[in-house]
Amino acid sequence: TDKPNVRKIQPGDWLGLLGGGQLGRMFCHAAQSMGYRVAVLDPIASCPAGAVADLHIRADYDDEAGLAQLAERCRAVTTEFENVPAASLQKLAERCQVSPAAGAVAIAQDRIAEKGYIASIGVPVAPYAEIRAESDIEAAPASLFPGILKVARLGYDGKGQARVASAAEARAAFASFGGVPCVLEAMLPLEFEVSVVVARGFDGEVMTYPVAENVHRDGILAITTAPSPRASADIARRAAAAALQVAAGLDYHGVLCVEFFVLAGDRLVVNEIAPRPHNSGHYSIDACVTSQFEQQVRVLAGMPLGLSNQMVPAVMLNILGDAWFTQGGQAEPAWSELLQTGTAKLHLYGKTDARPGRKMGHVTCLGLDSEQARRSAAHAAAVLG
Ligand code: ADP
Ligand code: MG
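Note that this is a predicted model, so its numbers are computed, not measured. Counting restarts for each chain: residues are numbered from 1 in the order of the written sequence. Written order decides the labels, with chains lettered from A and ligands numbered from 1. Given that the model is predicted, a residue must reach a pLDDT of at least 70 before its local features are reported, and side-chain atom pairs must reach 80 or more before they are shown or counted; all residues, however, enter totals for whole chains, interfaces and linings.

A word on the packing of helix α1 (residues 22-33) against helix α10 (residues 292-300)
Angle between the axes and distance between the axes are the two parameters that describe a pair of packed helices. The N-to-C vectors of α1 and α10 enclose an angle of 65°; their axes lie 8 Å apart at closest approach. What the angle tells us is that α1 and α10 run roughly perpendicular. For the crossing formed where α1 meets α10, the hand is right-handed. Contacts from Met26, Phe27, His29, Ala30 and Ala31 in α1 reach Phe293, Glu294, Gln296 and Val297 in α10. Here the term charged refers only to Asp, Glu, Lys and Arg, the term nonpolar to Ala, Val, Leu, Ile, Met, Phe, Trp, Tyr, Cys and Pro, and the term polar to all other amino acids, Gly among them. Residue composition of the contact of α1 with α10, grouped by class: six nonpolar, two polar and one charged. Comment: axis = line fitted to C-alpha atoms, over the contacting stretch for helices; angle = value between 0 and 180 degrees taken between N-to-C directions. Per the convention used, a helix needs a DSSP run of H or I reaching at least four residues, while a strand needs a run of E reaching at least two, with both numbered from the N terminus. The cut-offs work like this: below 35 degrees is roughly parallel, past 145 is roughly antiparallel, 65 to 115 is roughly perpendicular, and the gaps in between are oblique. Crossing handedness is read from the near helix: turned anticlockwise from the far helix by less than a right angle, it gives a left-handed crossing, and turned clockwise, a right-handed one. Here the contact rule is simple: place C-beta atoms from the backbone, and any two residues whose C-beta atoms are within 7 Å are in contact.

See the structure below:
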């Protein structure tokens, strides 16, 4: 059933990765446990994936020599970072197998293109307007206020966003962002937020993960509970169907995450998509037969997907740098306390510099039932403060 032009890459061979953050580090772990070797391209010497990769190419994402070295070494290349220049993926694709494709990444890395695409396939998004100039703010319907102004490119973890109550506030925020293209979104009354990770192979084989429920603090993901306790079977079915539709419409190859808002009356609205494994899918490392990172490896290598749609209940807590700064002092969190519950699985990303808001690691608390997972997570949360 493989398309003839898709190469199967055998363990022992090299896989390439653009980006050296924690998602890349977990990709390395998954690839290496299957016997692949990994080359990571990232400009930063001490990056989390560089420390575990078989080869770290220290170069910028658009560095010709670095990209050439990556393409020479690797049979296939993927990305852990949606802001890699699409042109770099395009260049690599001339020399090796690339997933996801440049076109899909180009859409996901630009909120204007992303919302336009999602709306075009008939999947609802939050009401929004494209803001390229101040006059677009004047022309925006009053129903978009109160709203959120978001920079179209390069925002993450709530950065590059401003809550705006009026056109005047939107103008001020637009100026403070330097007048770069933005979207203005209506602030929606969220019942809760969910996400679905989907893996899609070169042959179109698909596998979804259980619907996860996400709680954000200060715009940063704090807690993921999976399966979602609040999503009905009907919401879960519709969210998975929408995620598959988003992936199929892009002819997407790789791992993709779709974030949703759940509104009153069980209405589902897509918030955004990520063309890579996602923080809200980290539970899959410990709770599923196949993690989202292993799926990324399998797609890239042209291998069959692993099972992912069943799991043991899990609650994932992000560990931010803030956990190092409790009670005024600066101290390592009490790891042995955290691990007191035998169902807590600790993942640290090897970052030495703890700063507030910085993702340092996560802990996934498992249970044979959701109550046990919840109790384990309550203990871990108390330790992390
Ligand atoms: P990021 O790229 O930083 O993850 P998001 O667009 O996902 O940015 O926004 C981060 C969080 O802010 C969302 O998960 C949600 O909690 C809140 N948020 C974003 N847009 C809206 C909106 N239109 N209405 C209500 N809450 C929102
Ligand atoms: Mg988000």
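Describing the site of ligand 1
Defining nearness, a residue is near a molecule or strand when the C-beta atom obtained from its backbone falls within 6 Å of it. Around ligand 1 sit 17 residues, and of these Ala126, Gly158, Glu185, Leu188 and His216 come closest. The residue makeup of the shell around ligand 1, split by class, is six nonpolar, five polar and six charged. Residue assignment places the shell around ligand 1 across two domains, with domain 2 (127-186) and domain 3 (192-384) each supplying three or more. Domain borders in the structure are assigned automatically or taken from a domain database.

Focus on helix α5 (residues 111-120)
Any residue whose C-beta has 12 or fewer other C-beta atoms within 10 Å is treated as exposed, any with 20 or more as buried, and any in between as partly exposed, C-beta atoms being built from the backbone. Along α5, the positions that sit buried rather than exposed are Arg111, Glu114, Lys115 and Ile118. Looking down the long axis of α5, one finds its buried residues gathered within 90° of arc, a one-sided arrangement. Packed against the buried residues of α5 are α4 (102-108), β6 (128-131), β7 (147-151), β9 (182-186), α8 (233-249) and β15 (267-274). Positive backbone phi, approximately 85°, marks glycine 122, located one or two places after α5. By definition, the arc is the one covered by directions from the helix axis to the C-beta atoms.

So, the domain arrangement of the protein
According to the domain assignment, the protein consists of domain 1 (14-98), domain 2 (127-186) and domain 3 (192-384). If you average the C-alpha positions of domain 2 and of domain 3, the two centres end up 29 Å apart.

Quick look at the sheet that holds strand β5 (residues 97-98)
In a beta sheet, neighbouring strands are held together by backbone hydrogen bonds and run either parallel or antiparallel to one another. When DSSP finds two or more bridges between two strands, those strands count as paired. The five strands lie next to each other as β3-β2-β1-β4-β5, forming an open sheet whose pairing is parallel. Of all the strands in the sheet, just β3 (55-57) and β5 have a single pairing partner and so form its edges.

A few points about the environment of arginine 217
Relative to the helices and strands, arginine 217 is located in strand β12 (residues 212-217). Placed 59 residues apart in sequence, arginine 217 and glycine 158 show a C-alpha to C-alpha distance of 9.4 Å.

Re the environment of histidine 56
When you line up the elements, histidine 56 lands in strand β3. With 19 C-beta atoms counted inside 10 Å, the residue histidine 56 sits in the partly exposed group. Separated by 69 residues in sequence, histidine 56 and valine 125 place their C-alpha atoms 39 Å apart.

With respect to helix α12 (residues 370-384)
Between the first and last residue of a helix there are one fewer steps than residues, each counted as 1.5 Å, and that sum is the expected span. Here α12 contains 15 residues, and its C-alpha end-to-end distance of 21 Å stays within 8% of the 21 Å for a straight helix at 1.5 Å per residue. The complete set of buried residues in α12 reads Ala373, Ser376, Ala377, Ala380 and Val383. Relative to the axis of α12, the buried residues are bounded by an arc of 115° and lie together on one face. Of the exposed residues in α12, the ones pointing more than 90 degrees away from its buried face are Glu371 and Ala382. Where α12 is buried, its residues contact β16 (314-320), α11 (335-338), β17 (344-348) and β18 (359-366). The first or second residue beyond α12 is glycine 385, which carries a positive phi of 80°.

Considering the UniProt feature "domain: ATP-grasp" (unreviewed entry) in the protein
UniProt positions are given in the numbering used here, feature names are shortened, and annotations may be inferred rather than shown by experiment. With numbering aligned to this structure, UniProt lists the feature "domain: ATP-grasp" (unreviewed entry) at residues 115-301. When the span residues 115-301 is considered, its composition is 28% helix and 33% strand, and the gap between its end C-alpha atoms is 30 Å.

Structural notes on the sheet that holds β7
Read across the open sheet, the four strands follow the order β6-β9-β7-β8; overall the sheet is antiparallel. Because the sheet does not close on itself, it has two edges, and the strands there are β6 and β8 (161-164). Across the sheet, the mean angle separating the axes of adjacent strands is 20° when strand polarity is ignored. Relative to β9, β6 runs antiparallel, the two being bridged by four bridges. In the strand pairing of β9, isoleucine 131 is matched with cysteine 182. Running over the sheet, α5 touches β6, β7 and β9 and is turned about 50° from β9.

Details of the pairing of β7
Counting buried positions along β7 yields five of five residues, so the element is predominantly enclosed. Bridging between β7 and β9 involves five bridges; their strand directions are antiparallel. Residue pairing for β9: lysine 150 is matched across the bridge by valine 183.

Some points on the packing of helix α2 (residues 64-73) against helix α3 (residues 86-93)
It is the contact of α2 with α3, at a shortest axis distance of 10 Å, that shows an interaxial angle of 40°. On the basis of the axis angle, α2 is oblique to α3. With respect to the hand of their crossing, α2 and α3 are arranged in right-handed fashion. Between α2, through Leu67, Leu70 and Ala71, and α3, the contact on the second element is made entirely by Ser88, Lys91 and Leu92. Class assignment for the residues of the contact of α2 with α3 results in four nonpolar, one polar and one charged.

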